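Structure at a glance
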Amino acid sequence: MIRSQQGKCLAVAPDGSEGRVLDAPSNGVDYRDALVCHDGASHLVLWGTPRIQDQALTEEALPALLAKLREDADSALAELGGEWALAASLQDQLPLFAIDRLGRVPIYLRQAGGHLFASTDLVALRECAAPAGGNATSPQGVYAYIYHHMVPAPFSVDRDTQKLKVGQRLRDIAAPPAWYWQPRFSEPVSFDRSAAQGALMKGLRSAVNRSLEGPGKKAAFLSGGLDSSTVVGCMAAADSRCEAYSIGFDAEGYDEMPFARATARHFGVKLNEYYVTPEDVLEALPTLAPAFSEPFGNSSALPAYFCARRATQDGVEVMLAGDGGDELFAGNERYTRHGSFDWFTSLPAPLRGAVQTLVSALPGSFPLADKARSFLRQANTPWPRRLFYYSFLEQTPPDQVFTDAFLANVDTQAIQRELQLTWDRTGQASTLNQLLALDWQTTLAVNDLRKVGGACALAGVDVRYPMLDDELLELSLRIPSQEKLRGKELRHFYRQTMEGWLAPETLSKSKQGFGLPFGVWMREYAPLREFAYDTVQAFSHRGLLRTDFVRETLEQHRSSHAAYYGELVWILCTLELWLQAHHPELNLD
């Protein structure tokens, strides 16, 4: 990936007229190569690696696609596979903007100077739209970042800018976006497990083989979990000389290197290891934080970056990542909790009331009284808000965190309304499948894929996600809920399929990922602590946070809660570093 290339941006009037394709310098991590087609007054920009009927879309096929978009846009979009984002001005029609069904390529839309500007690269979008209007910060986007630790669609940290959710398209800027694609989950009474397991193995091998297409040396991330181990196993079957890269930490509870080594031995793959240190964090954070198009607070981006950088140094041009399997086949721990909550809320109202009365009367010293009260509070919180019960801004009133001047420009309920819209999209599905579909947006599209993609872009290497292949997505929709999650056993169907093929250590491993022990290291390593504290203090001078909140956060980190408050310090620290590079003007004092 060459991040110095020109980014493409489509500018068009809201009624679809005056369309033109613009070039702008691109330094953002969301840069994508683009296919461009002009046909009279119609223009099409297609980013990413789109496919039609399992074949890579070529420049020669663009005129036919443009004609289909003019004739029946939703049908044409539904035929597009792979990872892509699209912007089109269609002669005598409203413009069209859309992203793929799993949001692997983002698109940013801005209204300025009587035109709409669209690009997958927010840096390029700022350059193109700047002459038509300023580049101001959105308080709503900043609030969404602190709530979610990244900026989810439709919000953006740039004012007058929005993003599309997975599988959405937008025609009329005055109307909300619509979903051109809806997941159709099935719950077959009769399930042929053997046939489905065969289809899964075939789909995995095909997906990895497609990811290995094209020039350049390929390698894979390897944490030793189910998905990265699956990808490495399929790579080894296709090329016995393949290599994998893994990150370790000299910190108790964080190091996954033994599991990565077990997978490498099992498949006979060369494993390249790197142990991240506190010194590495201090060196890389000032470069990593501003590299993202928007503020990004997932601390595991840093180990992903060091892993990708090590691969780049060895001449690797394309990394394969295992992201997505947990969200397709039910591998996240929170999925196991929904059954208990749904069971309680299904009880007759008088019985639920009696239980709540009994629990509320328990003395604080009673064993498990606090856990019982927490369970009831969560059970009485509706989906999907229940998922974010432990979020810092759900546990702490916003007026104890933010200044009045900042909150005056924020709708604190907008995040929940958007989550509800996404949740309701799959209202006829089981609770588990609704959780999976929500995670495609909130965990994959705006978090994990941005994390890995951004880290790889900064390191100078491309990345592909075979676990998110369209064939595997369609297969996952046909697996019954009780096969995906059996009691408390996550990924029941997937694990059964992999028995005898993946290493035993992999099948018994709990989910972890490249987690970063930032909070612990910050307390133990003085230079990192001083840098982080100074950066958070600099952010506090912008007038967004209450000074007593900042003081209490740093004190809690110093005294007793290093991991929990360390994550909050990281979130604020990365935000300030990003603002210094992109929006230094933000100040409410």
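Use the structure listed above.
Residues numbered from 1 in each chain as written. Predicted model: local features only at pLDDT ≥ 70, side-chain atom pairs only at ≥ 80, totals over all residues. Heavy atoms only, no water.

Things to note about the overall build of the protein
What the protein contains, in helices and strands, is 25 helices and 17 strands. Taken over the C-alpha atoms alone, the protein extends approximately 75 × 65 × 55 Å along its principal axes. Here the protein, with 589 residues, has 58% of them falling under the buried criterion. As displayed, the protein offers around 23200 Å² of accessible surface, 50% of which is attributable to carbon and sulfur atoms. Within the protein, one finds 56 positive and 71 negative side-chain charges whose respective centroids are separated by 4 Å. (Helix = DSSP H or I, 4+ residues; strand = E, 2+ residues; numbered from the N terminus. Buried < 20%, exposed > 50% of the residue type's maximum accessible area, 1.4 Å probe, protein only. Areas by Shrake-Rupley, 256 points an atom, 1.4 Å probe, with all protein chains shown as cover. Lys, Arg positive; Asp, Glu negative; His and termini not counted. Charge placed at Lys NZ, Arg CZ, Asp CG, Glu CD.)

Details of the sheet that holds strand S17 (residues 462-464)
Read across the open sheet, the five strands follow the order S15-S14-S13-S16-S17; overall the sheet is parallel. At either end of the open sheet lies a strand with only one pairing partner, and these are strand S15 (270-276) and S17. Taking each pair of neighbouring strands and ignoring which way they run, the sheet shows an average axis angle of 30°. Where strand S16 (residues 318-320) and S17 come together, three bridges link them in parallel fashion. Residue pairing for S17: Leu320 is matched across the bridge by Arg464. (Pairing = 2+ DSSP bridges. Axes fitted to C-alpha atoms, helices over the stretch in contact; angles between N-to-C directions.)

A look at the environment of Leu545
Within the secondary structure layout, Leu545 lies in the loop between helix H23 (526-540) and helix H24 (547-559). Spatially, the C-alpha atoms of Leu545 and Glu71 are 51 Å apart, while their sequence positions differ by 474 residues. Contacts of Leu545, omitting those with residues within four sequence positions, involve Val401, Phe402, Thr403, Phe539, Ser540, Val550 and Leu572. (Contact = heavy atoms within 4.5 Å.)

Quick look at the pattern of salt bridges
This model, assessed by the stated rule, comprises 34 salt bridges. Among the salt bridges present, the one from Lys8 reaches Asp23, with a minimum N-O distance of 2.6 Å. Taken together, the positions of Lys8 in strand S1 (residues 6-12) and Asp23 in strand S2 (residues 20-25) put the pair 15 residues apart, joining distant regions of the chain. Sharing partners across several salt bridges, the network here consists of Arg51, Asp54, Lys202, Arg210, Glu213, Asp469 and Glu471. (Salt bridge = Lys/Arg side-chain N within 4 Å of Asp/Glu carboxyl O.)

What to know about the pairing of strand S14 (residues 243-249)
The element S14 is largely enclosed, with a buried count of seven among its seven residues. A two-sided burial pattern is seen for S14, the buried positions comprising Glu243, Tyr245, Ile247 and Phe249 on one face and Ala244, Ser246 and Gly248 on the other. Across two bridges, strand S13 (residues 218-221) lies against S14 in parallel orientation. Counterpart to Phe221 in the pairing with S14 is Tyr245. Assessed by its sense of winding, the connection that carries the chain from S13 through helix H6 (residues 226-238) to S14 is right-handed. Bridging between S14 and S15 involves seven bridges; their strand directions are parallel. For Ile247, the partnering residue across the bridge sits in S15 and is Tyr274. Between the parallel pair S14 and S15, the chain is carried across by helix H7 (residues 257-267), and the sense of this crossover is right-handed. (Right-handed = clockwise from strand over helix to strand, strands pointing away.)

Here's the deal with the nonpolar core
Core analysis: the largest hydrophobic core is formed by 159 residues, its most contacted members being Leu86 and Trp440. Here this core gets 15 residues from one element, more than from any other, and that element is helix H17 (residues 431-459). If sequence neighbours within four positions are ignored, Trp440 has contacts with Leu102, Val166, Trp181, Pro183, Phe185, Glu327, Leu328, Ala445, Leu473 and Leu477. (Core = buried A, V, L, I, M, F, W, Y, C linked by side-chain atoms within 4.5 Å.)

Describing unusual backbone geometry
Backbone torsion omega between Ala153 and Pro154 reads 10°, so that peptide bond is classified as cis. Within the element layout of this structure, Pro154 appears in the loop between helix H4 (139-148) and strand S10 (161-163). Across the junction of Trp383 and Pro384, the peptide omega takes the value -5°, indicating a cis bond. Mapped onto the fold, Pro384 is located in the loop between helix H13 (369-379) and helix H14 (392-395). In the Ramachandran plot, Gln53 falls in the positive-phi region, its phi being about 50° despite a non-glycine side chain. Within the secondary structure, Gln53 is located in the loop between strand S4 (42-52) and strand S5 (55-56). With a relative accessible area of 74%, Gln53 lands in the exposed category. At Arg491, a residue that is not glycine, the phi angle is positive and equals roughly 55°. Assignment of secondary structure puts Arg491 in the loop between helix H19 (481-484) and helix H20 (492-498). Taking the relative accessible area as the measure of exposure, Arg491 reaches 1% and is therefore buried.

Everything listed here is a matter of coordinates, which is why it stays silent on function.
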